[in-house]
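# Observations on the model geometry
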Amino acid sequence: MNQPSRNGRAASSEELREHVEDVRGDLGRTVQALAAKTDVKARARQKAAEVKHQAAEKAGQLRTKAADVTHTVEDRVAHPVKDKAGQVSRQARAKTARAGRLLGDRTPEPVRRTAVQGARALRGRGVVVLTAAAGGAVLVWLAYRPRSGRR
């Protein structure tokens, strides 16, 4: 009944028990590994969690990269664009002021006073004036439009 042990002598019952326990442990681990491989739902959940984690990491990396690129572009483009916009704005103000001075110099005094009074009266009523002007434009268009079918 005694079988030879690994070193060639007869195995004692204690050694056989230990060997049986080792084999049972190995067998239990193998069965657990096989059961885990056959549990499709658990594997799918685990894979989904891994993919979700990877996607979150990638999204964070992309956000950081986009912010870096945005800052780089702003640094390269914003200053020249702002400078050009400021220059154009200054030129427009200068030309408007010059045109106002020329117009003021060439406009007779009574016309200037009447224009200033009209501008004061219309301040804050821009919508009313624009609506009236649009209505007048429609009436003129209706009066002078080509009429098809009538002669």
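Everything in this summary refers to the structure shown in the same document. (Residues numbered from 1 in each chain as written. Predicted model: local features only at pLDDT ≥ 70, side-chain atom pairs only at ≥ 80, totals over all residues. Heavy atoms only, no water.)

### Looking at a positive patch on the surface
Basically, it comes down to this: Patch membership requires over 30% relative accessible area and the absence of a salt bridge. Like charges are linked within 9 Å, and nonpolar side chains (Val, Leu, Ile, Met, Phe, Trp, Tyr) within 5 Å. Under the convention used here, a 1.4 Å probe and the Shrake-Rupley method define accessible areas, while residue burial counts only the protein chains that appear. What makes a salt bridge here is a side-chain nitrogen of Lys or Arg within 4 Å of a carboxyl oxygen of Asp or Glu, nothing more. Neither His nor the chain termini are counted; the positive set is Lys and Arg, and the negative set is Asp and Glu. Here the site of a charge means atom NZ of a Lys, CZ of an Arg, CG of an Asp or CD of a Glu. The secondary structure listing takes helices from DSSP runs of H or I that are at least 4 residues long and strands from runs of E that are at least 2 residues long, numbered from the N terminus.
Residues K95, R98, R101 and R106 make up a contiguous surface patch of positive charge. Here R106 is to be found in helix α2 (residues 40-106).

### Considering a nonpolar patch on the surface
A cluster of nonpolar side chains, contributed by V69, V73, V77 and V81, occupies part of the molecular surface with about 310 Å² of accessible area. Looking at the secondary structure, you find V81 in helix α2.

### Remarks on the packing of aromatic side chains
Any pair of aromatic rings gets described here by the distance separating the centres and the angle formed by the planes. As a reminder of what qualifies: Planes of paired rings set the category: under 30 degrees apart is stacked, over 60 is edge-to-face and the rest tilted, where pairs are Phe, Tyr or Trp rings (Trp by its six-membered ring) whose centres lie within 6.5 Å. Each ring is checked for a lysine NZ or an arginine CZ that lies within 6 Å of its centre and within 35 degrees of its normal; such an atom marks a charge sitting over the ring.
Tallying each qualifying case throughout the model produces zero aromatic pairs. Here the basic side chain of R145 rests over the ring of W141, its NZ or CZ set 5.8 Å away from the ring centre.

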